[in-house]
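Chain by chain, the residues run as shown.
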Amino acid sequence: DRPAADPSFQSSPPPPRARRTIEGDLCVTAFALGHGETRQLDLCEAWNDYDPGAFSCSPCALPGPDVVASLDTQPGELLRIQTSVLSGELDVRVYLATDCEDPAGSCLAAATTAAGELEYSVVGGGELFLFVDTTGECGEVQVSLQRTASSTRTTFSALKAVYR
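For clarity, every value in this text was computed on a predicted model and none was experimentally measured.

Student: Just to check I follow, could you spell out the pairing of strand S5 (residues 92-97) for this structure?
Tutor: Residues in a regular strand point their side chains to alternate faces of the sheet. Where burial is concerned, most of S5 is hidden: 6 out of the 6 residues are buried. Neither face of S5 is exposed, since Val-92, Val-94 and Leu-96 on one face and Arg-93, Tyr-95 and Ala-97 on the opposite face are all buried. Sheet topology places S5 next to strand S8 (residues 126-134); 6 bridges connect them, and they run antiparallel. Bridge pairing links Ala-97 to Phe-129 in S8. The sheet contact formed by S5 and strand S6 (residues 107-110) spans 3 bridges and is antiparallel. Paired with Tyr-95 across the bridge in S6 is Ala-110.

Written out as structure tokens, the structure reads:
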């Protein structure tokens with residue numbers, strides 16, 4: 001015979017797992033950010049998954065919520081990334097990396113000021129990852145990849161060869 005269950009004791013179900021609710025919260029859901037494109041992001045829906053750490057390419061640690069965008073780049077291209085805070089009191093920083101899963105080890109460049117502009121001249125081209133991160137706060141941010149001219153020189157013959 002089993003003893004009767006104590007009606008005063010009831011186990012509570014485990015809390016539901018928090019769901020990822022914003023595109024780009026992880027590398028596997030990074031959103032593409034094209035030239036001339038602007039995205040509005042609510043970082044209050046994101047988690048802190050990545051941090052380049054203080055004294056890597058970022059001038060400070062970034063333990064706040066972050067999102068990731070992928071950029072398709074060409075050698076010699078000049079990237080100009082601008083951010084602006086739409087709501088909240090945020091210290092927003094952006095940085096570029098070649099390896100999404102290892103931003104500290106593959107960081108190429110980072111904005112040195114909050115909600116500032118980042119310019120970077122691409123050396124090898126290919127896919128780069130843009131991290132929009134904070135020092136701990138959340139709020140809404142706007143990020144844009146400005147259209148810029150190439151920073152490398154070319155000849156008219158070389159340009160024609162591209163379209164043949």
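Don't stop here, the text continues.
Student: How should I be thinking about the state of the cysteines in this particular structure?
Tutor: Every disulfide links exactly two cysteines, by a covalent bond between their sulfur atoms. Scanning the entire structure with this criterion turns up 3 disulfides. Two residues share a disulfide in this structure: Cys-27 and Cys-100, whose sulfurs sit 1.9 Å from each other. One disulfide, between Cys-27 and Cys-100, carries an S-S torsion of -95° and so falls in the left-handed class. Of the two residues, Cys-27 sits in the segment before strand S1 (31-32) while Cys-100 sits in the loop between S5 and helix H1 (103-106), which places them 73 residues apart along the sequence. Using a relative accessible area of 14% as the deciding quantity, one classes Cys-27 as buried. A relative accessible area of 6% places Cys-100 in the buried class.

Student: Looking at this structure, how should I read the sheet that holds strand S2 (residues 37-42)?
Tutor: Across a sheet, strands are paired by hydrogen bonds formed along the backbone, either parallel or antiparallel in direction. Read from one edge to the other, the open sheet built from 4 strands follows the order S2-S9-S4-S7, with strand pairing classed as antiparallel. A strand with exactly one partner marks an edge of an open sheet, and here the two such strands are S2 and strand S7 (117-121). Geometrically, the sheet is characterised by an average inter-axis angle of 20° between neighbouring strands, direction not taken into account. Here 5 bridges tie strand S4 (residues 78-87) to S7, and the two strands are oriented antiparallel to one another. Paired with Leu-78 across the strands is Ser-121, a residue of S7.

Student: Can you walk me through the nonpolar core in this structure?
Tutor: As a rule of thumb, soluble globular proteins bury nonpolar side chains together. Core analysis: the largest hydrophobic core is formed by 26 residues, its most contacted members being Val-67, Leu-71, Ile-81, Leu-96, Leu-130 and Val-132. Looking at this core, the elements with two or more residues in it are strand S3 (67-73), S4, S5, S7, S8 and strand S9 (140-146). Beyond its immediate sequence surroundings of up to four residues, Leu-71 is in contact with Leu-33, Leu-79, Ile-81, Leu-96, Gly-126, Glu-127, Leu-128, Leu-130 and Leu-145. Formed by 12 residues, the second largest nonpolar core is a distinct cluster that contains Cys-27, Cys-60, Val-68 and Ala-110.

Analysis parameters
- Residues numbered from 1 in each chain as written.
- Predicted model: local features only at pLDDT ≥ 70, side-chain atom pairs only at ≥ 80, totals over all residues.
- Heavy atoms only, no water.
- Buried < 20%, exposed > 50% of the residue type's maximum accessible area, 1.4 Å probe, protein only.
- Helix = DSSP H or I, 4+ residues; strand = E, 2+ residues; numbered from the N terminus.
- Pairing = 2+ DSSP bridges.
- Disulfide = S-S within 2.5 Å.
- Axes fitted to C-alpha atoms, helices over the stretch in contact; angles between N-to-C directions.
- Core = buried A, V, L, I, M, F, W, Y, C linked by side-chain atoms within 4.5 Å.
- Contact = heavy atoms within 4.5 Å.

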